[in-house]
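Notes for the structure review
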Amino acid sequence: MAEIAYEPVIGLEVHAQLKTKTKIFCGCSTTYGSVPNTQVCPVCLGHPGALPVLNKEAVRFAVKMGIATHSSIRELSTFSRKNYFYPDLPKGYQISQFEDPLCYNGHIELELEDQSTKKIGITRIHIEEDAGKSIHDIDIDTLVDLNRSGVALIEIVSEPDIRSAREAWHYLQQIKQIVTYLGICDGNMEEGSLRCDANVSVRPVGQEQFGTKTEVKNMNSFRNVEKAIEFEINRQIELLQSGGEVAHETRMWDGNKQITRVMRSKEMAHDYSYFPEPDLPPLRCTEEWVDTVRKSMPELGLDKKRRFISEYKLPDYDAGVLTQDKATADYYEQACNALKEQTHDRYKLVSNWIMTEVMRVLSEKKISVEEFAIPAEHIAEVVDLYAAESISSAGAKEAFADMLESNEAPQLVVNRLGLLQVSDESFIEELVDAVLSENQDAVAKFLDGKDKLFGFLVGQAMKQSQGKGNPKKITALLRSRLEALKG
Amino acid sequence: MSVSREEIERIAHLSRLEFSEEEKDSFFGTFAHVLEYVDTINKVDLAGVEPMASVNGAENGFREDEERPSLTTKEALANAPKHNETFFKVPRVLE
């Protein structure tokens, strides 16, 4: 019997911590990494009688995400209590939204490896509060830090439209790009400001009905999300092919063993008994207000990438790298705007400079482009000097290295280091003729078929000009002189 | 309407409460009473009535995203049954 081919069906639930200055229902600071239990008050400690008051900025951020994902924004939505017991949830319930989430029915567009695009449906985006942090490994008891309790979150629930672990990775990257472009979340999975759970099932290709799904948790990096889903897909397929059945269960990604394993059933004995939150009035987002938020939306990554391709005629790859984050894209555009000559060749040169030299330094120094010492206008000036053949490519790199330290303008650096390149016809002619007459031996051997000696002769000319002769011109003239000698 | 012993035990577990067998027995009557009451409410015809999430008609009631002083750690921990200088302490939660 031929083996049945299976198709994975994946949906993701992503939590994004909102970058509001204060928590969602109280004025405590949200600064990450502070001394434990210093950013707490009666509201986020769950003291009896303390009342939550909604942070308007959190709603604005959530609406931005809704607009960015082409979602409908619900004019009137309500809050609910999600009841469960855990030490890091002091009230015994999480204030969330249940039946009528703020945003619903949207989509996110992905660009896949083969440059095809795919839309992943967004079922809903709702706002809720974060829980505190439990620490199990530094004391006999479990220690609880409630600084995070009450920090604003949005939960973004996708439709089961994702068909591979790689697509899930793309989807998550896209969410990260959107939230960071919007400036509503750091998008840092390692620090937990972006978290992801996956619903994974498989079904025979062609079958419409979904298979039994498992929920996979504890994936705290983009790589782990891809690996855990990949593992889970294969586990389920092998199980079905050997005559087994997939159990509806929650599984943990175990990074050490690189497997998913089932969580004890007791840990999942949840029945959240949602009911309306009586302490908060319904939330009304008028069309008028949503429109003002809409007007404040920045251009997002994918749109920017497409504009870079059409406006600057950049290759797809360049545009993708430069628009990965907004600061780099802004730096690129700032440099392009400062160019003396606005040509596609120069736009591409700026791209090359940023993708290689600038990004190399950023990764070496582990800094962001905002912290980079060389202003974008100086990159433009280097490119202008190079494109006008006033400096060679080696000279440009030397100037760049100097600029990193000296913070001086390129023209000054080029003058100080004597990097200006000489392209003057008569100078080049004199130079080439001198080299030919001083190296007759090498010339003879070259004419005899030793092609490699051409490089030697160019080297001699460069040396005689003390590196200032324009190598392109020297090469061209040398070649034509030697061709003439060949007859 | 009645409730099973398993349901009583499940609800007790969800509430993290422990009961003796006698106490569990006593809940049959109490639960039945509550459920009867809900049954009565359920008889009201609500066709065409929008669910009401709030009773007083208020909406929004926002606060601006402005920081306000928090408690000191000492104050925050003051009522905790168990704590050290910086953390609340609870019986070990097994992962």
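Residues numbered from 1 in each chain as written. Chains lettered and ligands numbered in written order. Predicted model: local features only at pLDDT ≥ 70, side-chain atom pairs only at ≥ 80, totals over all residues. Heavy atoms only, no water.

Our focus in this paragraph is the sheet that holds strand β6 (residues 103–111) of chain A. Residue and element names in this part refer to chain A. Ordered in space as β2-β6-β7-β10-β1-β11-β12-β13-β14, the 9 strands form an open sheet in which the pairing is mixed. The sheet is open, and its two edges are formed by β2 (72–73) and β14 (259–262), each paired on a single side. Against the sheet, helix α2 (residues 165–182) contacts β1 (6–17), β6, β7 (117–129), β10 (152–158) and β11 (194–204), and its axis sits at roughly 110 degrees relative to β6. Contacting β6 and β7, helix α5 (residues 301–311) runs over the sheet at an angle of about 35 degrees to β6. (Pairing = 2+ DSSP bridges. Helix = DSSP H or I, 4+ residues; strand = E, 2+ residues; numbered from the N terminus. Contact = heavy atoms within 4.5 Å. Axes fitted to C-alpha atoms, helices over the stretch in contact; angles between N-to-C directions.)

Turning to the environment of Phe28(B), a few remarks are in order. All names here are of chain B. Looking at where Phe-28 falls in the secondary structure, it is placed in helix α2 (residues 21–42). A sequence separation of 32 residues divides Phe-28 from Asn-60, and the C-alpha atoms of the two residues are 42 Å apart. Residue contacts for Phe-28: discarding those within four places in its chain leaves Val-3, Ser-4, Arg-5 and Ile-8.

Quick look at the confidence of the model for chain B now. All names here are of chain B. Counting all residues, the mean pLDDT for chain B is 89, and 97% of those residues have values of 70 or more. Across chain B, the secondary-structure element scoring lowest on mean pLDDT is helix α1 (residues 5–14), at 86, and the one scoring highest is helix α3 (residues 73–77), at 97. Both scores are given for the predicted complex: the pTM is 0.86, the ipTM 0.85. (pLDDT = per-residue confidence, 0-100.)

To continue, consider the side chain of Glu249(A). Residue and element names in this part refer to chain A. For Glu-249, the position within the fold is in the loop between α3 (222–241) and β13 (250–254). A relative accessible area of 17% means that Glu-249 is categorised as buried. For Glu-249, the side chain forms a polar contact with the side chain of Arg-251, separated by 2.6 Å. (Buried < 20%, exposed > 50% of the residue type's maximum accessible area, 1.4 Å probe, protein only. Polar contact = N/O pair within 3.5 Å; in protein donor to acceptor, adjacent residues only side chain to side chain.)

The next point concerns the domain arrangement of chain A. Residue and element names in this part refer to chain A. According to the domain assignment, chain A contains domain 1 (6–293), domain 2 (299–417) and domain 3 (425–486). One C-alpha centre belongs to domain 1, the other to domain 2; they are set 37 Å apart. On the domain 2 side, the residues contacting the 11 residues of domain 1 number 13 residues. Summing the contributions of domain 1 and of domain 2, the shared interface buries around 950 Å²; its carbon and sulfur component is 49%. When residues of domain 1 are sorted by the area they lose upon contact with domain 2, Glu-111, Gln-177 and Tyr-181 head the list and together hold 64% of the total. (Domains from an automatic or database assignment. Buried area = accessible area lost by both parts, 1.4 Å probe.)

Moving on, we get to the sheet that holds strand β5 (residues 93–96) of chain A. In sheet architecture, strand pairing relies on hydrogen bonds along the backbone and comes in two forms, parallel and antiparallel. Read from one edge of the open sheet, 3 strands run β5-β4-β15 (chain A), paired in antiparallel fashion. Looking along the sheet, the strands with just one partner apiece sit at the ends: β5 and β15 (275–276) of chain A.

Here the focus is the packing of aromatic side chains. Residue and element names in this part refer to chain A. Evaluated as defined, the whole model comprises 14 aromatic pairs over all chains. Summarising the aromatic geometry, the rings of Tyr-84 and Tyr-272 are spaced 5.9 Å apart at their centres and angled 70 degrees between planes, so their arrangement reads as edge-to-face. Note that Tyr-84 is positioned in the loop between β4 (80–83) and β5 and Tyr-272 in the loop between β14 and β15, a separation of 188 residues in sequence. Overall, Tyr-272 belongs to the partly exposed group, its relative accessible area being 25%. Through successive ring pairs, a cluster of aromatic residues spans Tyr-84, Phe-98, Tyr-272 and Tyr-274. Directly above the aromatic system of Tyr-272 lies the positively charged group of Lys-82, at a separation of 4.4 Å from the ring centroid. In this structure, Arg-479 packs its charged tip against the face of Phe-454, placed 4.2 Å from the ring centre. (Phe/Tyr/Trp six-rings, centres within 6.5 Å; stacked < 30°, edge-to-face > 60°. Lys NZ or Arg CZ within 6 Å of the ring centre and 35° of its normal.)

To continue, consider the pattern of salt bridges. Any two side chains of opposite charge can pair, on the condition that their charged atoms come close. Residue and element names in this part refer to chain A. One pass over the full model with this rule turns up 51 salt bridges over all chains. With a shortest N-O distance of 3.4 Å, Arg-306 and Glu-111 are connected by a salt bridge. Taken together, the residues Arg-306 in helix α5 and Glu-111 in strand β6 connect sequence positions 195 residues apart. Two residues, Arg-251 and Glu-232, come together in a salt bridge whose shortest N-O distance is 3.4 Å. Linking Arg-251 in strand β13 with Glu-232 in helix α3, this pair joins segments that are 19 residues apart in sequence. Residue classification places Arg-251 among the buried positions, given a relative accessible area of 8%. When its relative accessible area of 0% is taken as the criterion, Glu-232 is described as buried. (Salt bridge = Lys/Arg side-chain N within 4 Å of Asp/Glu carboxyl O.)

Residue and element names in this part refer to chain A. For Val-225, the position within the fold is in helix α3. In this structure Val-225 comes out as buried when scored by relative accessible area, which is 0%. Taking the C-alpha atoms as reference points, Val-225 and Tyr-312, separated by 87 residues in sequence, lie 35 Å from one another. If we ignore the near neighbours within four places in the chain, the residues touching Val-225 are Leu-172, Met-189, Cys-196 and Met-219.

Residue and element names in this part refer to chain A. As a packed pair, helix α9 (residues 376–387) and helix α11 (residues 410–417) sit with axes 9 Å apart at the nearest point and diverge in direction by 50 degrees. Taken together, α9 and α11 sit at an angle that is classed as oblique. Residues His-378, Glu-381, Val-382 and Leu-385 of α9 form the contact with α11, whose participating residues are Pro-410, Gln-411 and Val-414. A class-by-class count of the residues in the contact of α9 with α11 yields 4 nonpolar, 2 polar and 1 charged. (Parallel < 35°, antiparallel > 145°, perpendicular 65-115°, else oblique. Nonpolar A, V, L, I, M, F, W, Y, C, P; charged D, E, K, R; others polar.)

The next point concerns the interface of chain A and chain B. At the junction of the two partners, chain A supplies 51 residues and chain B supplies 35 residues. Between chain A and chain B lies a buried interface of about 3,800 Å² when both sides are counted; carbon and sulfur atoms form 55% of it. In this structure, the connection of chain A to chain B is made through 5 salt bridges. Applying the counting criterion to the chain A and chain B interface returns 22 residue pairs in polar contact (both at pLDDT 80 or more). Counting only elements with at least two residues in the side of chain A that touches chain B, the list comes to α1 (56–68), β9 (142–145) and β16 (283–284) of chain A. Here the element with the most residues in the side of chain A that touches chain B is β9(A); it accounts for 4 residues. When β9(A) meets strand β1 (residues 88–90) of chain B, the two strands line up antiparallel, connected through 3 bridges. When the sheet's bridge partners are listed, Leu143(A) is paired in β1(B) with Lys89(B).

With that out of the way, let us pick up the pairing of strand β12 (residues 214–217) of chain A. Residues and elements named next belong to chain A. Note that β11 and β12 share 3 bridges and pair antiparallel. By the bridge assignment for β12, Asn-199 is matched with Glu-215. Bridging between β12 and β13 involves 3 bridges; their strand directions are parallel. Paired with Val-216 across the bridge in β13 is Arg-251.

Here we come to the pairing of β13(A). All names here are of chain A. Across the 5 residues that make up β13, a large majority, 5, are buried. Here β13 shows no split at all, with Thr-250, Met-252 and Asp-254 on one side and Arg-251 and Trp-253 on the other all buried. Handedness of the β-α-β unit built from β12, α3 and β13 comes out left-handed. Note that β13 and β14 share 4 bridges and pair antiparallel. If you follow Met-252 over to β14, its bridge partner there is Arg-261. Hairpin connection of β13 to β14: 4 residues between the antiparallel strands, including Gln-258 at a positive phi of 60 degrees. (Right-handed = clockwise from strand over helix to strand, strands pointing away.)

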